[in-house]
Amino acid sequence: MSFKEKSAWISLVSTVLIFGYYFIQLVDLNNLPENDVRQAVAYLAIKTVVLISIVEAVFHSMLAATNRKAAEMGADERDKLIALKANNYGYSVLVIGVVFGLGHMVIVEFNPQFTSESSLQIPMLKSHILLFSLIISEIVRFAGQVVLYRRGY
Amino acid sequence: MSDMSIKNRVREHRFFSDEMTQQQLADLVGVTRQTIMAIEKGKYSPSLEVAFKIARVFGKPLDQVFEYVPLD
């Protein structure tokens, strides 16, 4: 397994696990009173960002330390092509998510009653639709890299 | 026009170059060992620059290492 593939695996697994934890915690926050929710979401978001930064930094440092030659060499042409292709997959998902988020904002603007009637009770929903889109697009990008490395290209 | 594919004889040339390893070839060309492996298996077609570098390592013209042939 190449250095870049291992790096993609680290990012994929840490993103799925840490943001999976974030979203599970987020659903539980919905039971809190409205005034406390924003503060709790902000605290959870900060905790998640710090956690993923530390996990990624530690694991990537360990990977670079154990594969010093490969880390210094950087990406070759196949690595760059795989990264480009995977970026395309991720970008497509991000665009769909942003369009969905915009659609949600427009619909709620004209039909405010939908917010209270909706079964999708997630705090700060507009922000989280965009955040979900970003995280899912990142997961698709890392998964795309892993699949392309497994296939050869 | 029939479907064409790029075939290569990198593995064969490595063998006849004192059984050069994939890692040695990768170091000489400036790519990873996994990229050499993908090229040998025909899963990845290298850029012209890398193809010329591989041919130069073996001291052969490009068309003796890479061929553009109809699909089997």
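What counts, and where the lines are drawn
- Residues numbered from 1 in each chain as written.
- Chains lettered and ligands numbered in written order.
- Predicted model: local features only at pLDDT ≥ 70, side-chain atom pairs only at ≥ 80, totals over all residues.
- Heavy atoms only, no water.
- Patch = residues over 30% accessible without salt bridge, like charges linked within 9 Å, V, L, I, M, F, W, Y side chains within 5 Å.
- Areas by Shrake-Rupley, 256 points an atom, 1.4 Å probe, with all protein chains shown as cover.
- Salt bridge = Lys/Arg side-chain N within 4 Å of Asp/Glu carboxyl O.
- Helix = DSSP H or I, 4+ residues; strand = E, 2+ residues; numbered from the N terminus.
- Axes fitted to C-alpha atoms, helices over the stretch in contact; angles between N-to-C directions.
- Parallel < 35°, antiparallel > 145°, perpendicular 65-115°, else oblique.
- Contact = heavy atoms within 4.5 Å.
- pLDDT = per-residue confidence, 0-100.
- 1 Å grid on protein atoms, 1.4 Å probe; cavity = no way out; pocket = protein on both sides within 12 Å on 5 of 7 lines; lining within 4 Å.
- Points joined across faces, edges and corners; volume = space filled by probe spheres on them.
- Nonpolar A, V, L, I, M, F, W, Y, C, P; charged D, E, K, R; others polar.
- Polar contact = N/O pair within 3.5 Å; in protein donor to acceptor, adjacent residues only side chain to side chain.

Before going further, it helps to spend a moment on a nonpolar patch on the surface. Together, Ile46(A), Val50(A), Ile54(A), Val58(A), Phe59(A) and Met62(A) give the surface a local cluster of nonpolar side chains, amounting to about 560 Å² of exposed area. Structurally, the position occupied by Ile54(A) is in helix α2 (residues 34-66).

Pairs of packed helices are described in terms of their axes, by the angle between the two and the distance that separates them. Residues and elements named next belong to chain B. Direction vectors running N to C along helix α2 (residues 22-29) and helix α3 (residues 33-40) enclose 105°, while the axes themselves pass 8 Å from each other. In this view, α2 runs roughly perpendicular relative to α3, as classed from their interaxial angle. Contacts from Gln22, Gln23, Leu25 and Ala26 in α2 reach Arg33, Ile36, Met37 and Glu40 in α3.

Of all residues in chain A, 98% have pLDDT values of 70 or greater, and the mean over the chain is 90. When pLDDT is averaged over each helix and strand of chain A, the minimum, 74, is found for helix α5 (residues 113-117) of chain A and the maximum, 94, for helix α4 (residues 77-110) of chain A.

With that settled, consider empty space enclosed by the protein. Residues and elements named next belong to chain B. Tallying each qualifying case throughout the model produces one cavity of 30 Å³ or more. Size it by volume and the largest cavity reaches roughly 40 Å³. Taken together, Ile6, Asn8, Ile39, Gly42, Tyr44, Ser45, Pro46 and Phe66 make up the lining of the largest cavity. Considered class by class, the residues forming the lining of the largest cavity number five nonpolar, three polar and no charged.

Turning our eyes to something else, we now look at the side chain of Thr32(B). With respect to the helices and strands, Thr32(B) occurs in the loop between α2 and α3. In this structure the side chain of Thr32(B) is engaged in a polar contact, spanning 3.0 Å, whose partner is the side chain of Thr35(B). When residues no more than four places from it in sequence are discounted, the contact partners of Thr32(B) are Met73(A), Asp76(A), Arg78(A), Asp79(A) and Ala26(B).

With that settled, the discussion passes to the layout of surface pockets. Here the largest pocket is characterised by a volume of approximately 610 Å³. Considering the residues around the largest pocket, the lining is formed by 20 residues, among which Thr115(A), Gln121(A), Ile122(A), Met124(A) and Leu125(A) are closest to the centre. Sorting the residues of the lining of the largest pocket by element identifies α2, α4, α5 and α6 (125-151) of chain A as the ones contributing at least two each. Looking at side-chain class alone, the lining of the largest pocket contains 11 nonpolar, six polar and three charged residues. As for the second largest pocket, its lining consists of 18 residues, of which Phe3(A), Ala70(A), Gln23(B), Thr32(B) and Gln34(B) are closest to the centre. Those elements that place two or more of their residues in the lining of the second largest pocket are α1 (3-29) and α3 (68-73) of chain A together with α2 and α3 of chain B. If you tally residues by element for the lining of the second largest pocket, the top one is α3(A), at four residues.

On to the side chain of His13(B), then. Residue and element names in this part refer to chain B. Locating His13 in the fold gives a position in helix α1 (residues 10-15). Within the structure, the side chain of His13 is placed 3.0 Å from the backbone oxygen of Gln64, a separation counted as a polar contact. With near-sequence residues (within four places) excluded, His13 lies in contact with Phe58, Lys60, Gln64 and Val65.

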